[in-house]
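# Structural characterization, general
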Amino acid sequence: MSLLARLAPHLPYVRRYARALTGDQATGDNYVRVALEALAAGEQQLSPDMTPRVALYHVFHAIWVSTGARLEDTSGVEARDDASQRLLRIAPRSRQAFLLTALEGFTPSEAAQILSADPREVERLIGEAQSDIDAELATDVLVIEDEAIISADIQSLVKELGHRVTGAATTHDEAIDAVARHKPGLVLADIQLADGSSGIDAVKDILKSMDVPVIFITAFPERLLTGERPEPTFLITKPFQPETVKAAISQALFFHPSRQKEAA
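Notes on the structure in this doc start here. (Residues numbered from 1 in each chain as written. Predicted model: local features only at pLDDT ≥ 70, side-chain atom pairs only at ≥ 80, totals over all residues. Heavy atoms only, no water.)

Moving on, we come to the overall build of the protein. Summing up its helical and strand segments, the protein has 13 helices and 5 strands in all. Classification of the 264 residues of the protein by burial places 48% in the buried group. By sequence separation, contacts in the protein at least 24 residues apart represent 68% of the contacts at least 6 residues apart. Surface exposure of the protein reaches about 12,700 Å², of which carbon and sulfur atoms provide 51%. (Helix = DSSP H or I, 4+ residues; strand = E, 2+ residues; numbered from the N terminus. Buried < 20%, exposed > 50% of the residue type's maximum accessible area, 1.4 Å probe, protein only. Contact = heavy atoms within 4.5 Å. Areas by Shrake-Rupley, 256 points an atom, 1.4 Å probe, with all protein chains shown as cover.)

Moving on, we come to the pattern of salt bridges. Scanning the model with the defined rule gives 13 salt bridges in all. The residue lysine 246 makes a salt bridge to glutamate 160 at a minimum N-O spacing of 2.8 Å. Placement of lysine 246 in helix 12 (residues 242–255) and of glutamate 160 in helix 9 (residues 148–160) is noted, with a sequence separation of 86 residues between them. Given a relative accessible area of 15%, lysine 246 falls into the buried group. (Salt bridge = Lys/Arg side-chain N within 4 Å of Asp/Glu carboxyl O.)

A few words now on the packing of aromatic side chains. Per the stated rule, a full pass over the model turns up 6 aromatic pairs. Between tyrosine 17 and phenylalanine 60, the ring centres sit 5.8 Å apart and the planes meet at 70 degrees, which makes this aromatic pair edge-to-face. You can see tyrosine 17 sitting in helix 2 (residues 11–22) and its partner phenylalanine 60 sitting in helix 4 (residues 52–67), a full 43 residues away along the chain. With a relative accessible area of 1%, phenylalanine 60 lands in the buried category. The rings of Tyr17, Tyr31, Tyr57, Phe60, Trp64 and Phe106 are connected pair by pair, giving a single aromatic cluster. (Phe/Tyr/Trp six-rings, centres within 6.5 Å; stacked < 30°, edge-to-face > 60°.)

As a further point, take the packing of helix 9 against helix 12. Their axes nearest at 10 Å, the elements helix 9 and helix 12 cross at an angle of 55 degrees. In terms of orientation, helix 9 lies oblique with respect to helix 12. Where helix 9 crosses over helix 12, the handedness of that crossing is right-handed. Note on element contacts: helix 12 touches helix 9 through Pro242, Val245, Lys246 and Ile249, opposite Leu157, Val158 and Glu160. Residues belonging to the contact of helix 9 with helix 12 are distributed by class as follows: 5 nonpolar, no polar and 2 charged. (Axes fitted to C-alpha atoms, helices over the stretch in contact; angles between N-to-C directions. Parallel < 35°, antiparallel > 145°, perpendicular 65-115°, else oblique. Left-handed = near helix turned anticlockwise from the far one by under 90°. Nonpolar A, V, L, I, M, F, W, Y, C, P; charged D, E, K, R; others polar.)

Next up on the list: the environment of alanine 35. Its location among the elements puts alanine 35 in helix 3 (residues 25–40). Overall, the relative accessible area of 2% leaves alanine 35 in the buried class. Sequence separation between alanine 35 and histidine 61 is 26 residues, and the spatial gap between their C-alpha atoms is 8.7 Å. Once you skip the residues sitting within four places of it in the chain, alanine 35 turns out to touch Val59, Phe60 and Ile63.

If you check which residues of helix 10 (residues 172–181) are buried, you get His172, Ala175, Ala178 and Val179. The buried side chains of helix 10 occupy one side of the element, clustering within an arc of 125 degrees when seen end-on. Set apart from the buried face of helix 10 by more than 90 degrees, the exposed residues are Asp173, Ala180 and Arg181. Looking at the buried positions of helix 10, the neighbouring elements they touch are strand 1 (140–144), strand 2 (164–169) and helix 11 (199–209). (Arc of directions from axis to C-beta.)

Across the junction of lysine 238 and proline 239, the peptide omega takes the value -5 degrees, indicating a cis bond. Mapped onto the elements of the fold, proline 239 is located in the loop between strand 5 (235–237) and helix 12. The backbone of serine 116 shows a phi angle near 55 degrees, a positive value even though the residue is not glycine. Topologically, serine 116 is positioned in the loop between helix 7 (108–115) and helix 8 (119–136).

Now the structure itself:
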């Protein structure tokens, strides 16, 4: 199989990553082009110890490390879109680790291969990026959860990230009432609620009147992963790990279009 055939399925995604990393499409595309030229000329090679996708991103970063310092000048950042502005204010290494895992879906172990780093360092870098993002995008949060202990745990995690819990609901009606009293910037919702009502229905009704990022935290993920309707971007299965919830909150706020507009 030719080099182009091996890499073709991954090129749109490495271009997306390069654009997010640099904050500019033309600059990002130029880096991808240089990486491909280096591969074609034999100046760089895909590592046989990595999958083709991981190896491609690894080569991209080899090019980035050798010439990327020029692109760390953020003097023109205010002229760029809101998401790019926020990204470029994150330290470069943390930005890379965050984007590789949050945007591109690599595991921390794969991100470590791409960055030629220790997995523990990658975890630390991701945490630093999440802290920067949470501090900048602090918001009001509605928690829809009928189990008191779990609700308290979620609220504690939300507050640890610097957000404010402005509503805690245990039923569909309570959730709708909470939104009427105070519009949230983020919703964390269970599926099965106290009175037999549905968190899915509550979220649907909330989204009719406002555009807000939603994270489902549930013991019944199969009720949402049916393939019969648009499935949620953020779905966490109970019992959950605190770090998983924290990471999902950071990603949901950072990448949701309405949050990008508000943060200008």
